[in-house]
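Okay, here's what each chain looks like letter by letter:
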Amino acid sequence: MTPLHGYLFVSALLFAVGLAGALTRRNAILVLVGVELMLNAANLNFLAFWRYGPNPEALTGVMFVLFAIAVAAAEAAVGLALVIAIYRHYRSSNVDEAATMKG
Amino acid sequence: MTNGDYYQLLKLLAPEWTVVGTVLAILFADLQFWRNRSVAWRSAGAASILSLGFAAAAGLLIWKRAVTADLLGGTLVLSPTSQYVKLALLGLAIVTAWLCTEGEFTKHVGEFVALIALATAGMMFLVSTENLLMVFVALELVSLSLYVMTAFNKRSPRSAEAALKYFLFGGMAAAFTLFGFSFLYGLTGSIHLPTIAAKISWHAGDPLTLVAIVLVVAGFGFKIAAVPFHLWAPDAYEGAPAPAAAFIASGSKVASFFVLGKLLSVGLPGVGGSGAWKAFSPGWLAVVAILATASMIFGNLAALAQSSLRRLLAYSAIAHAGYALLAIIGGSQPALLYYAITYAVTSVGIFGVVAVVENRTGNEDIAGLAGLRERSFLLSVALSVFVLSLAGVPPLAGFFGKFYAFAAAAKLGSSLGYWWLVALALGASCVSLFYYLQVLKQVWVAPVPEGQGKVAGGWVVSILLALLALAVLVTGAAPELLIRFLK
């Protein structure tokens, strides 16, 4: 097994753990944590492909990861603001409580 | 890269700079000068600034309409088509901004209108790039603006709930997209779409290629609300303030369809596989065909059961995403753009009518439209044009949109392999007539309820709605007027 395979296994595992967390957790903040794990799995992929790819002197992978981290931070900020908005109305950050719309 | 390149970049991005400048101008005017004014005054003021700024940006776009450019390895790719799509996006944003003058859902209208402009800037970047990094960043700029706009009605629990659901699904979709992009980068060593296209065909049939395709299509399937990634749509349409819902249903759809079509046809042409009858082979054509099938069937059937007008529009949007995917399968960019733009014009118009009616009556059900013919003739006619266009009745734009999309899919392949998909789409369109006509029945046949007075929007909104209805009629009666710009 080459190092690249090792990194890809870890990132696939990380993505699966994040997805499982995002789908099963009832607390909105923990769902957000799951989403962040999924994003970081993608970042790990980018870095591994860049490091072991054909031309590591082009910094494409690193650039992508830098931007992805910044975007993930912005997303977390918006997400936490929305959790506060939900908490103001329902006194809870549980996604099951905020389920008044159906159909 | 030399300084000359940067100067050229600045010049080519002049419309985008104008839009971003408009954002700052709106925020400055609202926070500095208008603190003591009424909300109605401030929303009209903010919408006016946005209209002026966007008119200037549109002027720049028209002036430089013949431009073609490809800078920084596909980061900025301009073509006449992308300029015209940006023009459409600016127009949709102007209408959306004026919808804010209908109903006071927030005290912070300046920020709301500024977010509309910010989302528009993201959409403009999204349609003028062939670089995965730029696609991702622009897509997130659009998404994050729309999440916040959805949550803007702080007094309404439904607005917060809709935004949270939209955000959580959207965050997962973004993660799927990014994970898919990372595999595309790993397989080809590039994030430039034409370079990816040249190298990805070496990996056709590779399981990793299929994983990448499925992840990317899943991420974009969320943006265009295709089944099974549609779960956020009905709640977001129902809970969001009317202008936010209008923009989610219009501008966001146009930009997402454009970039999805480009990603698949420019970036992944060699790994399409096939979704033809009895000749399935794995690839994005098969994946998109499955999404289109599920969206058309589920969207239309679920819409039949709705009593809330906004939820009905959401399920109809899901069905329309299925029809538009046929144009992507057919590989016809003019058909896709004609469909997406006319659909966006129609849905922003419907949300305009919905905003006015809800604001005056407080009723969100289809039954709230009862007897609209006597309460506002203009709104009734405009709504009828929009709804009949969605149903695909000639000579309105919706008919030709469907015609071009279905024809593109039917022509693909040697022996009409996609006949099954086209037949399904035609059947689904017939089913959809039922629920669209239910809406019109309320407007034109149902008795006027007791004690309900006239309904009238502000004069700017009324003029804009009349213009939108006219646009649907004219682009339907003479589709060549629009489609020649999209070739």
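Refer to the structure printed above.
Residues numbered from 1 in each chain as written. Chains lettered and ligands numbered in written order. Predicted model: local features only at pLDDT ≥ 70, side-chain atom pairs only at ≥ 80, totals over all residues. Heavy atoms only, no water.

Help me understand the overall build of chain B in this model?
In terms of regular secondary structure, chain B is built from 21 helices and two strands. The C-alpha radius of gyration of chain B comes to 22 Å, within 12% of the 23 Å expected for a compact globule of 487 residues. When its C-alpha atoms are laid out on the principal axes, chain B stretches across 70 × 55 × 40 Å. Expressed as a percentage of its 487 residues, the buried residues of chain B come to 63%. In chain B, the proportion of contacts linking residues at least 24 apart, taken out of those at least 6 apart, comes to 78%. With the model as given, the accessible surface of chain B reaches about 16,700 Å², and the carbon-plus-sulfur share is 69%. Separation of charge centres in chain B, based on 28 positive and 19 negative side chains, amounts to 4 Å. (Helix = DSSP H or I, 4+ residues; strand = E, 2+ residues; numbered from the N terminus. Rg over C-alpha atoms; globule rule 2.2 N^0.38 Å. Buried < 20%, exposed > 50% of the residue type's maximum accessible area, 1.4 Å probe, protein only. Contact = heavy atoms within 4.5 Å. Areas by Shrake-Rupley, 256 points an atom, 1.4 Å probe, with all protein chains shown as cover. Lys, Arg positive; Asp, Glu negative; His and termini not counted. Charge placed at Lys NZ, Arg CZ, Asp CG, Glu CD.)

Can you help me understand the interface of chain B and chain A in this one?
Reports of interface size often rely on the accessible area that becomes lost once the parts have come together. Every contact between the two is made by 43 residues of chain B and, on the other side, 44 residues of chain A. For the pair chain B and chain A, the interface holds zero salt bridges. Between the two partners, chain B and chain A, sit four residue pairs in polar contact (both at pLDDT 80 or more). Residue assignment for the side of chain B that touches chain A shows that the elements contributing at least two residues are α6 (132–150), α7 (157–188), α10 (232–239) and α14 (309–330) of chain B. Sorting elements by how many residues they give to the side of chain B that touches chain A places α7 of chain B first, with 22 residues. Tallied by class, the residues present in the side of chain B that touches chain A amount to 27 nonpolar, seven polar and nine charged. (Salt bridge = Lys/Arg side-chain N within 4 Å of Asp/Glu carboxyl O. Polar contact = N/O pair within 3.5 Å; in protein donor to acceptor, adjacent residues only side chain to side chain. Nonpolar A, V, L, I, M, F, W, Y, C, P; charged D, E, K, R; others polar.)

I'm lost on the nonpolar core in this one. Help?
A general trend in soluble globular proteins is that nonpolar side chains are found buried together. Phe181 and Leu325 of chain B are the most contacted members of the largest nonpolar core, which has 209 residues in total. With near-sequence residues (within four places) excluded, Phe181 of chain B lies in contact with Phe46 and Phe64 of chain A together with Leu132, Val135, Phe136, Val216, Phe220 and Leu263 of chain B. Core analysis: the second largest hydrophobic core is formed by eight residues, Leu12, Leu13, Val67 and Leu76 of chain B among them. (Core = buried A, V, L, I, M, F, W, Y, C linked by side-chain atoms within 4.5 Å.)

Would you explain the pattern of salt bridges in this entry?
Applying the stated criterion across every chain, the model contains 13 salt bridges over all chains. The closest approach of N and O atoms between Arg26 of chain A and Asp96 of chain A, which form a salt bridge, is 3.2 Å. Here Arg26 of chain A, found in the loop between α1 (3–24) and α2 (28–52), pairs with Asp96 of chain A, found in the segment after α3 (60–90); they are 70 residues apart in sequence, far enough to count as distant. One salt bridge in this structure joins Glu161 of chain B and Lys165 of chain B, with 3.0 Å as the shortest N-O distance. Separated by four residues within a single helix, Glu161 of chain B and Lys165 of chain B lie in helix α7, roughly one turn from each other. In this structure Glu161 of chain B comes out as buried when scored by relative accessible area, which is 1%. The network of salt bridges with common partners includes Arg158, Glu161, Lys165, Asp235, Glu238, Arg311 and Glu364 of chain B.

What exactly am I supposed to notice about the side chain of Thr188 of chain B here?
Residues and elements named next belong to chain B. Relative to the helices and strands, Thr188 resides in helix α7. Among the polar contacts listed, one links the side chain of Thr188 to the backbone oxygen of Leu184, at a separation of 2.8 Å. Apart from residues lying up to four places away in sequence, Thr188 is in contact with Ile196, Lys199 and Ile200.

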